[in-house]
Amino acid sequence: MDLLSDFPPFEDEELRLALADAELPSLLPAIAHLTGDTAVLADLLRPAVNSTPLGLEPQGGLSAEAQDLARKHAFEALRSWNSQGRPDRRGNGAVELEPILEFITGPADADSVALHMSQLGLGGETSWTKAAVAPDREFKVVVIGAGMSGLAAAYRLRQAGVEFVVLERNTDVGGVWLENSYPGCQLDTSNFSYSYSFAQQASWQYQYSRRDSILAYFQRFASDQALRDHILLGCEVSAARYDEATATWQVTYTDPDGSVRRMTANVVVSAVGQLNKPSYPNVPGRETFAGGSWHTARWDHQTDLRDKRVAVIGAGASAFQVVPEVAGEAEHLTVFQRTPPWIMPTPTYHSLLKPGLRWLFQHIPDYHRWFRFYQFWVSVEGRRKYAVVQPGWAKRDSVSPENEALRDGLAGYLEREFADHPDLLAKVVPDYPPYAKRMLRDDGRWAETLKRDDVTLVDDAISKITPAGVVTADGSLHEADVIIYGTGFAASEFLVPMEVSGRGGVLLHEHWGGEARANVGVTVPQFPNLFLLYGPNTNLVVNGSIVLFSEAEVDYVMACLQEILAASAGAMECRAEALEKFYARVDEASGRMAFGVAGVNSWYKSASGRVSQNWPLSTLEFWQRTRRPDPDDYILEVRHD
Ligand code: NAP
């Protein structure tokens, strides 16, 4: 809960002005929560929960009259609260949150309410501590990686009083947000949902933050939560070996001096991410190129692109952000697009949040939480229907009537944007269903960039790279001084290049044989006390956020640790049958989602074409599965020490 003292009093006129920019479906619940007066939650002002194919109805679909009324109620309630000395009625359960949540969500069952409450982030501590469960036991956890997931794990481990060390190969925390410093790098999901429920922030300037502010958020979090004392920077893990005799892991890593070191732990939590091993195209002659070349995630800040002919290979999320920036700098830019992306029109993609909204976040305690909650709610299951395959649907570029309506809306956007350039329009409209690959966001900048005289969009296949540039299948040489690879990551190669050996010395990557699988995305049979965060099948496409999922996975790991400690067990191992049962459901469900359709390649799939990255079911189901480990899924092994 926000401290009242952090929110200054205000003048009536400031409030009146700010309310013009308010997002009403979340402001009214925030007022009810703050004042304890639910009169503002009138039925007439209840937001619609359905989204349209191209996104949300502004202001929850409220009519202009209803919006005026909502602002009037909001003004009266907040003016009265301010003039009465701003009493704080939020604490001690005095204000019942459930009916306020249901103003947005409608009636909800107990599990849903618990999920919704967790997203408000008003709870806090973990439900157990090591001191209470196993005070005398020596027990240590090694977390690998200090990005978004690793920091969440560190936060919960510290709260529970479990000894832990985080080994991070980079020189600071932040994971992909540290590694990706390419021009234009920013969030294309809302920073409200791409931030922890337990560390919400009222001071966001943008809805889609620039790389520096999201990196600063994670770095500040690590400092504020005293996590840095537990983090060893510049330490890259090369191997982890399970020792059955002692039920411990030996973790081998290289320290900043280059010395190889070992650390023993009861538990290893891998938080190495999915999107950090740059993937380069397997094009003949790549190494012969005479100019400079680099991957978007390894940006060369020393090379000045002015007066250079630059080639960008790729048109995925990273290239899409880089291209407009490089276009303004290079002498000429050639974009090599193999497959065009679907683009969600997002007029606010590069805009500051409206000033009145930012003012309200700074003056109305907890409003930013309700704003975040409303975004969570409408994105959680609301858009899932657009990605679900209708059985028997026979069209190639859509998977259902809803998906087709979305496709038509998105294609219409491209037709409008490129109406004056039919040559470009012919290249930019995808021929696959929306949500088969990752959807991108745009506020017009993509079309503006591709239409420039000094930019060329090439959609012929690349046949080779020569010292002089890129040659396409029609034999044309596209001369370049610099090649930038926006060609993505080896996402399905989980935990590569670490050598991880489990029970009986079985190697994780041999065990997986190219098909990474983990129960609930977290645990692997034959690898006791190894837990994966953002592991197989935990990436999100339409419903929810990966931060929510990482938090849920951390909750699951913490519940497993509690089991191990409470049972005085040596190790906890997932049963092979549990994994098979889990994947019978997950693989079947993937086949019913747009991203599972055959014939469309994406980083969501392994080399065999199986969806190895994404969660295909509801967010609620993942959240339910991660509350506690199912005892039938695990073997608890007695301790040997
Ligand atoms: P990506 O989505 O995998 O895109 C790679 C691009 O390179 C695609 O256009 C791909 O074409 C192309 N490509 C790959 N090999 C090629 C070849 N041999 N010849 C020609 N083109 C080739 O990778 P990414 O753009 O780095 O993004 C990966 C993920 O990172 C995103 O989906 C997202 O989850 C995350 N990301 C997030 C943000 C953010 O704003 N939050 C920003 C950047 C990245 P095909 O489509 O034909 O394979």
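Higher on the page you've got the structure.
It should be emphasised that the depicted structure is a prediction, and the values quoted were computed from it without experimental measurement.

Chemist: Quick rundown of the pairing of strand β9 (residues 309-313)? Include the residues and the values.
Modeler: Counting buried residues along β9, 4 of its 5 residues qualify, which places the element largely inside the surrounding structure. In this sheet, strand β10 (residues 332-336) lies alongside β9 in parallel orientation, the contact comprising 5 bridges. By the bridge assignment, V310 is partnered in β10 with L333. Where β9 and strand β17 (residues 482-485) come together, 4 bridges link them in parallel fashion. Residue pairing for β17: V312 is matched across the bridge by I484.

Chemist: Which residues make up the packing of aromatic side chains, and what are the values?
Modeler: Throughout the structure, instances matching the rule amount to 33 aromatic pairs. Consider the rings of Y208 and Y349, whose centres lie 5.6 Å apart with planes at 75°: the pair is edge-to-face. With Y208 in the loop between α8 (176-179) and α9 (211-224) and Y349 in the loop between β11 (343-345) and α11 (355-363), the pair connects residues that are 141 residues apart, well separated along the chain. What makes Y208 buried here is its relative accessible area of 7%.

Chemist: Can you break down the pattern of salt bridges residue by residue, with the values?
Modeler: Under the criterion given, the structure shown has 32 salt bridges. Between E325 and R445 there is a salt bridge, with the nearest N and O atoms lying 3.9 Å from each other. Of this pair, E325 sits in helix α10 (residues 317-327) while R445 sits in helix α15 (residues 445-450), and the two are 120 residues apart along the sequence. Its salt-bridge partner being D420, residue K451 comes within 3.1 Å of it at the nearest N-O pair. One end of the pair, K451, is in the loop between α15 and β13 (455-458); the other, D420, is in the loop between α13 (401-417) and α14 (422-428), with 31 residues separating them in the sequence. Among the residues examined, K451 registers a relative accessible area of 24% and is labelled partly exposed. Several salt bridges share partner residues, and in doing so they unite D88, R90, D366 and R369 into one network.

Chemist: Outline the environment of V323, listing residues and values.
Modeler: In this fold, V323 is placed in helix α10. Distance in space between the C-alpha atoms of V323 and V312 is 7.3 Å, their sequence separation being 11 residues.

Reading guide: rules and limits
- Residues numbered from 1 in each chain as written.
- Predicted model: local features only at pLDDT ≥ 70, side-chain atom pairs only at ≥ 80, totals over all residues.
- Heavy atoms only, no water.
- Buried < 20%, exposed > 50% of the residue type's maximum accessible area, 1.4 Å probe, protein only.
- Helix = DSSP H or I, 4+ residues; strand = E, 2+ residues; numbered from the N terminus.
- Pairing = 2+ DSSP bridges.
- Phe/Tyr/Trp six-rings, centres within 6.5 Å; stacked < 30°, edge-to-face > 60°.
- Salt bridge = Lys/Arg side-chain N within 4 Å of Asp/Glu carboxyl O.

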